[in-house]
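# Observations on the three-dimensional arrangement
The chain contents come next:
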Amino acid sequence: SGVRAGRYLHRRRPAAVGLWLGDHTSWRSAGAAEATNRYQKLAATFKEKFGHYPEAFARAPGRVNLIGEHIDYEGYGVLPMAIRQDTIVAIRKGGDNLTISHLDPDKYPTVSFGTDPAQAVDTANHTWANYFLSAYKGVFDHLRAKGSLAPLPVGLQVMVQGTVPQGSGLSSSSAIVCSSSLAIAKALSVAHTLTKGEVADFTCIAERHVGVTSGGMDQAISIMAMPGVAMLVEFNPVQASEVQLPSGATFVIANSLTVSKKAETADKRYNLRVVECRLAAMVLAVALGKPAAEAVNIITLKEVEPLIIAKFGPGAEAQAQAVHELLHKDVYMPDEVGRRHISNSLVITTWQLQSHRTSTALHWRQIPAADTLWSCCNNCVDV
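Note that the structure is predicted; figures quoted are calculated from it, not measured.

In this section: the pattern of salt bridges. According to the stated counting rule, one finds seven salt bridges in the structure shown. Among the ionic pairs, aspartate 218 bridges to arginine 63, the shortest N-O distance being 2.7 Å. Remark: arginine 63 occurs in strand 1 (residues 56-67) and aspartate 218 occurs in helix 6 (residues 217-224); sequence separation between them is 155 residues. The burial state of aspartate 218 is the same as that of arginine 63; both residues are buried. A salt bridge links glutamate 294 to lysine 290, with the shortest nitrogen-to-oxygen separation between them at 3.6 Å.

And the structure:
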């Protein structure tokens, strides 16, 4: 199968292993001169702005998904792998606020927040620094949830630099949330208490503060990735297994240059798809005999799978049969879903439920630039 033994190893590993570069004199990053120059430039610019070198760096990569699109938030496993492009966060304790700056200040202006971890993220006025604030809240939320004594909030001076193209589908948002979370944990002297599994779990929850109903794949691979392998990522709890890639294989990641900013369009795209899938799981569960009062608590399609197996048997064909027999192809309107006592369980609006054509309108082949890219790839017969 190519899956290595020791499935749960990556969940239990300390979060700090292999992620910290130490003080400003430690420039080793896999021995790459290019990476060394990046850290040196980031540290020098950090000192110019804040008067001191950063106390620590944290890095998190972007990702590409090989198998399993839009199924992580349905509870099913996925097969992503990390890419070279990443986000680096330089950090030190200092000042009275959270001061988040960027190596490219013209594109990403400096933003300041207070240090109260209970403050809300202003999703109505989205700014790139909201991802750092979400990570900040996530660290404190996690420490409290696990019963740890959370440190007192302190001022943090931060500088970010990233190479993951924004809005390219390579998870630039999770890269900054994950690297920020690791940097914050280090600055607060709690990184050594966290495992990779913990960080993957709470960064998924943290990123939801920016308004995206994340499923967990992006954060899991960004935290748990290993060089030279893909990772079979499973959920509840999140865990990762190494999957060896074919010897000599080359993976080409092509960018259509069509930007899709998930956080800024979440209510009409990504979040809407999550709501649609959750409603479908509830409706299917009721059709399979589950009382509506219990069906409202269903979150993922995977929770409905035992009901499908009980009536139709195991396997993908049985699942397809259940869908064809129990759901209709026409639009499910709010009143119909309401009659099943389901829609009241979700905070959704009528226009969201009526936006039923998203699967066609948002299909990637419908984007002209992506369609052109696909045609170009098809014509490369020598590849």
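On we go.
The next point concerns the sheet that holds strand 4 (residues 111-113). The strand order 1-2-5-3-4 describes an open sheet built from five strands, whose pairing is mixed. Unpaired on one side and paired on the other, strand 1 and strand 4 mark the two borders of the sheet. Taken pair by pair, the neighbouring strands of this sheet meet at an average axis angle of 25°, ignoring direction. In this sheet, strand 2 (residues 79-93) lies alongside strand 1 in antiparallel orientation, the contact comprising ten bridges. The partner of asparagine 65 across the bridge, within strand 2, is proline 80. Those strands touched by helix 6 are strand 1 and strand 2, and its axis lies near 125° from that of strand 1.

Now for the side chain of histidine 102. Along the polypeptide, histidine 102 turns up in strand 3 (residues 98-102). Histidine 102 gets classed as buried once you look at its relative accessible area, which sits at 11%. Here the side chain of histidine 102 touches aspartate 104 through a polar contact of 2.8 Å, landing on its backbone nitrogen. When residues no more than four places from it in sequence are discounted, the contact partners of histidine 102 are Tyr108, Trp128, Met159, Val160, Gln161 and Gly162.

Right, let's get into the packing of aromatic side chains. If you walk through the whole model with that rule in mind, you get four aromatic pairs. For the ring pair tyrosine 39 and phenylalanine 57, a centre distance of 5.3 Å and an interplane angle of 90° mean the geometry is edge-to-face. With tyrosine 39 in helix 2 (residues 33-50) and phenylalanine 57 in strand 1, the pair connects residues that are 18 residues apart, well separated along the chain. For the pair tyrosine 108 and tryptophan 128, a centre-to-centre distance of 5.7 Å together with 65° between the ring planes defines the contact as edge-to-face. Separated by 20 residues along the polypeptide, tyrosine 108 in the loop between strand 3 and strand 4 and tryptophan 128 in the loop between strand 4 and helix 3 (130-145) bring together distant segments of the chain.

Rules used throughout
Residues numbered from 1 in each chain as written. Predicted model: local features only at pLDDT ≥ 70, side-chain atom pairs only at ≥ 80, totals over all residues. Heavy atoms only, no water. Salt bridge = Lys/Arg side-chain N within 4 Å of Asp/Glu carboxyl O. Helix = DSSP H or I, 4+ residues; strand = E, 2+ residues; numbered from the N terminus. Buried < 20%, exposed > 50% of the residue type's maximum accessible area, 1.4 Å probe, protein only. Pairing = 2+ DSSP bridges. Axes fitted to C-alpha atoms, helices over the stretch in contact; angles between N-to-C directions. Contact = heavy atoms within 4.5 Å. Polar contact = N/O pair within 3.5 Å; in protein donor to acceptor, adjacent residues only side chain to side chain. Phe/Tyr/Trp six-rings, centres within 6.5 Å; stacked < 30°, edge-to-face > 60°.

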